[in-house]
Amino acid sequence: MFRFIAARLLQTIPVLFVVATLTFFMVRLVPGGPFDAERNVPPEIKRELEAYYGLDKPVFQQYLDYLGRLVRGDLGPSYKFANRSVNEMIASTFPVSLQLGGMALGLALLLGITAGVIAALRPNSALDYTASGISMMGICLPTFVLGPLFILVFALNLRWVNASGWFDSADRILPAATLGIAYAAYIARLTRGGMLEILSQDFIRTARAKGASEARIIFRHSLRGGLLPVVSYLGPAAAGILTGSFVIETIFQIPGLGRHFVTSAFNRDFTMVTGIVIFYAVLIVFFNLLVDIVQIWLNPKLKY
Amino acid sequence: MPDVAEIDAAEPGASLWRDAWLRLRKNRLAVFGGVALIIITLFCLVGPWLSRYTYEEQDFAQYAKPPSALHWFGTDKLGRDQMTRIMHGGRISLGVGICATLVSLTIGVLYGALAGFLGGKTDAAMMRIVDILYALPFTVFVILLMVVFGRNIVLLFVAIGAVEWLTMARIVRGQVQSLRKQEFIEAALSLGLSQRRIILRHMIPNVLGPVAVYTTLTIPAVMLLEAFLSFLGLGVQPPMSSWGTMIKDGAELMEEFPWLLMIPAAFFSLTLFSLNFLGDGLRDALDVRTSKD
Amino acid sequence: MCGLQKIDAMPLLQVKNLRTYFHTRNGVVRAVDGVSFEIEKGQTLGIVGESGSGKSVTCYSMLGLIPQPPGRIESGEAIFDGVDLLKAGPPQLRKIRGKRIAMIFQDPMTSLNPYMRIEDQLIEPLLIHERTDRRRAVELGVQALKDVGIQDAAQRIRSYPHEFSGGMRQRVMIAMALITKPDLLIADEPTTALDVTVQAQIIELVKRMQAERGMAVIWISHDLGVVAGLCQRVNVMYAGRVVESGPTDGIFRTPQHPYNRALQKSIPALQPKGVELYTIAGMPPDLSKPVAGCAFAPRCEFVQDICRTPVELKAGASGQSTACVRVQNGDLKL
């Protein structure tokens, strides 16, 4: 197990290296420097700025410098916020996004697994069709449609919660629900399929023959195998929730990393964009590692 | 050579597709999806010619009016007829969806077929790359691409297509791999059929089903990504507008003029709905299963 | 007093006129169509017949293991120790299943849960039925594994099923079935999926366990040789009905029903060398089509018009019952 984790950690190094290199050179390919857009900058100040950020050096030297700092975990200074580093910006905005994403994922798992198990217990019943129908709607109503609709209904018409902001805990409900619902729907479908597959196996008949109750059959005999498809979906789901947070944070005006990323992209704050992309890659890679470990833990045939 | 003819007859040819068609017709949701899709497509393609209004024409007497006899879907803030704009937006959304899907189809099929044919270590390495790419937050790269290279519509569907090919590559590779091992291919080889003939008569018809299914399912994924980018202001740029940009504009004004959000959102969701139902139906009808290897 | 005596005289399990039909899209499949039999305490009963003859469905019906729908128990009763299993509610049935009636299945590869340790599966009946505390249950589990001949039981109990061979898994299944000391063990073709040498070991194991514990066994098999060596009584089933029933010796030496005769003739080991092996002409019947008389009639070489009339299982000489009109009328002799 330890060898497996160590091997996977080693594998992430080239992946992150490629990501860093790709983003770095992609950003450098842009015609014009980051300060060209600002009209009122005198040439001498512009030169000073470029020296400050090391932009006067050859590109390859800049690349080596960047990698050198990256190894130490330093993502460099922001081009637009002169006094702040990318690290600081991430540190101040990411907790908000993490909270949003965590709540969305938790909600998705809770709703999705419950609905999926219920549907699988009574396949082809009215309950099953209802659950499947709702989950299909969840898949086809994208967050940027659902978000505004939720605001319209729950904030503007019913006035249950605020339409935007991130101050008290009630402000968390709508964004987390909007972000989580599509994934809840997909997880429900995966759970239903996984559980139906497991429930049709011979060993479930064995459990029944032993006199196990329905609850015992579900929780002790089926869930572990039935949730395997859900677990392997968690990696893509996390990546999706992460990018989904761009839209959610924009719609609900939440001061998280996602909205900050989109603004930085518009402002052509290249160090910021590069830094956030690398940060996201690290995040996703580690989350996938975590998912793999859970999978091995759940499926004894995969034991290392 | 009569034997060769017999082997050819045994291939999953016309009868497989006819069975699939019969099964598809029995699936009510899939039929609904197919019919809705045809209606929406016709509406968007033919509609603008029949419409009394043009795409940019402003009706100064009718600013931001709800649906009426004059303007069935209402007008926007500038007094433009929303129905005509929905038609044009649909052309862009469906167009981007189809073009980007074609890009992803090309990359995915070539990559998957190559890995499947070569096999061995090359195949393992190629599929490992796909695994790694799967794990990366690709939408972020598309955003980066759009920011760096400007918001150009051709780049948009190339970028989207370049992201969405992974599943297709896996499917095709899996099919080719399993077909290579199948007995009827070996039988065909031992009967002296040429490689070209095997590929044309056996491989392609067998790969076609899964590819058709996943193409149908890729279009909504691609349309979703386009609308997502457009919603963030990184996709289709004015004066062009897709359903995604219309939803974005509508969301900003939804408090006063809810129809500007509701109608494009309804069209967009209905299209995704139909494509997904049709894709699912096709998958069941052709009995295609997802597999990782 | 009279009542008490009557209970003592009652068999352990008495099945009467059991009918289990499957209501499928292609019609009603009469998988079990009026089966009656009984089994005494400590007795071994064999049920033989080709696949699809209703052997397994009979036993699954009694334990409520038939998926409903599409399955439905149309009629009959199965009295086990005074309780009609077919009318018992799910909670009552759960108390009997795994505690007083245990089952082992055909394929040990798929009958154990791959996601659970042997330990947890093995001791589960104790936890469910006897509320044994876990430590004691594990001790009993290790002992049960030793009893079925598994080496290093204390270590191996922590393994997962995929770490065991097929024969070992079937031993685990047997240990699991017997851990609550049931009165009746139903073995559904437990050796079919195993190698011949392993088969013999498993049969010996069941024989030994039965001798030690004095439980009754219903042994379902299409392998006549196994049944002959193990059982005291045998039911021969065809198309969801028992066509012949009696002591093992009679069933094998003096088969009466034409189907049983054909069956005996088609066993290679019982035939003189050099004689071409006998095969039964025709196909097994389509159970979704109702049959007026004997279901075997279309394939029977002794068929007459009278065979199209309804027929019941009737006792003949030497305690052997046969469901053949011509045998019952005495116009068909060996």
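Since the model is a prediction, treat every value here as computed from it, not as a measurement. (Residues numbered from 1 in each chain as written. Chains lettered and ligands numbered in written order. Predicted model: local features only at pLDDT ≥ 70, side-chain atom pairs only at ≥ 80, totals over all residues. Heavy atoms only, no water.)

Draft legend 1. Just the overall build of chain A, in detail. Along chain A, the regular secondary structure elements total 12 helices and 0 strands. By its C-alpha atoms, chain A is 85 × 55 × 30 Å across when sized along the principal axes. For chain A, with 304 residues in total, the buried portion stands at 50%. Contacts in chain A between residues far apart in sequence, at least 24 positions, make up 73% of those at least 6 positions apart. In the form shown here, chain A has an accessible surface area of approximately 14100 Å², with 66% of it arising from carbon and sulfur atoms. For chain A, the distance from the average site of its 26 positive side-chain charges to the average site of its 18 negative ones is 12 Å. (Helix = DSSP H or I, 4+ residues; strand = E, 2+ residues; numbered from the N terminus. Buried < 20%, exposed > 50% of the residue type's maximum accessible area, 1.4 Å probe, protein only. Contact = heavy atoms within 4.5 Å. Areas by Shrake-Rupley, 256 points an atom, 1.4 Å probe, with all protein chains shown as cover. Lys, Arg positive; Asp, Glu negative; His and termini not counted. Charge placed at Lys NZ, Arg CZ, Asp CG, Glu CD.)

Draft legend 2. A look at the arrangement of the chains. Here 2 pairs of chains are in contact, and chains A and B lead that list by number of contacts. The two units chain B and chain C never meet; even their closest C-alpha atoms stay 16 Å apart.

Draft legend 3. Up close: the pairing of strand S3 (residues 44-48) of chain C. All names here are of chain C. Buried residues dominate S3, accounting for 5 of its 5 residues. Because side chains alternate across S3, one face comprises the buried residues Thr44, Gly46 and Val48, and the other comprises Leu45 and Ile47, equally buried. In terms of strand pairing, S3 meets strand S8 (residues 216-221) through 5 bridges, oriented parallel. Among the inter-strand pairings, valine 48 is bridged to a residue of S8, identified as serine 221. Of the pairings in the sheet, the one linking S3 to strand S9 (residues 233-238) comprises 4 bridges and is parallel in character. Looking at S9, one finds that leucine 45 is bridged to arginine 233. (Pairing = 2+ DSSP bridges.)

Draft legend 4. Molecular detail of the interface of chain B and chain A. Listed per partner, the contact involves 38 residues of chain B and 41 residues of chain A. Taken together, both faces of the contact between chain B and chain A bury some 3400 Å²; the carbon and sulfur share is 83%. At the level of elements, helix H5 (120-134), helix H6 (138-148), helix H10 (195-231), helix H11 (243-252) and helix H12 (259-286) of chain B are the ones that each hand at least two residues to the side of chain B that touches chain A. Per element, the largest residue contribution to the side of chain B that touches chain A is 11 residues, and it comes from H12(B). (Buried area = accessible area lost by both parts, 1.4 Å probe.)

Draft legend 5. The packing of helix H1 (residues 2-28) of chain A against helix H12 (residues 270-298) of chain A, seen in detail. All names here are of chain A. Remark: H1 packs on H12, axes separated minimally by 10 Å, with the N-to-C direction vectors making an angle of 160 degrees. As far as their axial angle goes, H12 and H1 are roughly antiparallel. Relative to H12, the crossing made by H1 is right-handed. Residues Phe4, Ile5, Arg8, Leu9, Thr12, Val15, Leu16, Val19, Ala20, Thr23, Phe24 and Val27 of H1 form the contact with H12, whose participating residues are Phe270, Thr274, Val277, Ile278, Ala281, Val282, Val285, Phe286, Leu289, Asp292, Ile293 and Ile296. For the contact of H1 with H12, a count of residues per class yields 19 nonpolar, 3 polar and 2 charged. (Axes fitted to C-alpha atoms, helices over the stretch in contact; angles between N-to-C directions. Parallel < 35°, antiparallel > 145°, perpendicular 65-115°, else oblique. Left-handed = near helix turned anticlockwise from the far one by under 90°. Nonpolar A, V, L, I, M, F, W, Y, C, P; charged D, E, K, R; others polar.)

Draft legend 6. Quick peek at the sheet that holds strand S5 (residues 83-84) of chain C. All names here are of chain C. Strand order in the open sheet made by the 4 strands is S2-S1-S4-S5, with antiparallel pairing throughout. What marks the edges here is a single partner per strand, and that holds for strand S2 (27-39) and S5. Lying on the sheet, helix H2 (residues 55-62) is in contact with strand S1 (13-24), S2 and strand S4 (71-80); it crosses S1 at an angle near 105 degrees.

Draft legend 7. Inspection of unusual backbone geometry at higher detail. Residue and element names in this part refer to chain C. Even without a glycine there, the phi angle at aspartate 152 is positive, about 50 degrees. You can see aspartate 152 is positioned in the loop between helix H7 (134-147) and helix H8 (153-156). Phi at glutamate 189 is positive, roughly 45 degrees, even though this residue is not glycine. When you line up the elements, glutamate 189 lands in the loop between strand S7 (184-188) and helix H10 (196-213).

Draft legend 8. Broad picture of the sheet that holds S9(C). Residue and element names in this part refer to chain C. Taken together, the 8 strands give an open sheet; going across it, the order is S6-S7-S8-S3-S9-S10-S12-S11, and neighbouring strands pair in mixed fashion. A strand with exactly one partner marks an edge of an open sheet, and here the two such strands are strand S6 (101-104) and strand S11 (314-315). As paired elements, S9 and strand S10 (residues 241-247) share 6 bridges and run antiparallel to each other. When the sheet's bridge partners are listed, valine 236 is paired in S10 with glutamate 244. Along the sheet face, H2 touches S3, S6, S7, S8 and S9 and points at about 140 degrees away from the line of S8.

Draft legend 9. Highlighting the nonpolar core. Within the largest apolar cluster, 133 residues are counted, with the highest numbers of intra-cluster contacts made by A:Phe144, A:Phe246, A:Phe261, B:Ile143, B:Phe228 and B:Trp243. In terms of residue count, helix H10 (residues 228-251) of chain A provides more of this core than any other element does, 13 residues in total. Setting aside anything within four residues of it in sequence, one finds B:Phe228 in contact with A:Phe144, A:Thr243, A:Gly244, A:Phe246, A:Val247, B:Thr139 and B:Ile143. By size, the runner-up hydrophobic cluster in this structure holds 102 residues, among which are C:Phe22, C:Leu112, C:Tyr259 and C:Leu263. (Core = buried A, V, L, I, M, F, W, Y, C linked by side-chain atoms within 4.5 Å.)

Draft legend 10. Inspection of the side chain of C:His257 at higher detail. Residue and element names in this part refer to chain C. Along the chain, histidine 257 falls in the loop between helix H12 (248-253) and helix H13 (258-265). Owing to a relative accessible area of 1%, histidine 257 belongs among the buried residues under this scheme. Separated by 3.2 Å, the side chain of histidine 257 and the backbone oxygen of alanine 323 make a polar contact. Setting aside anything within four residues of it in sequence, one finds histidine 257 in contact with Val243, Glu244, Cys294, Phe296, Thr322, Ala323 and Cys324. (Polar contact = N/O pair within 3.5 Å; in protein donor to acceptor, adjacent residues only side chain to side chain.)

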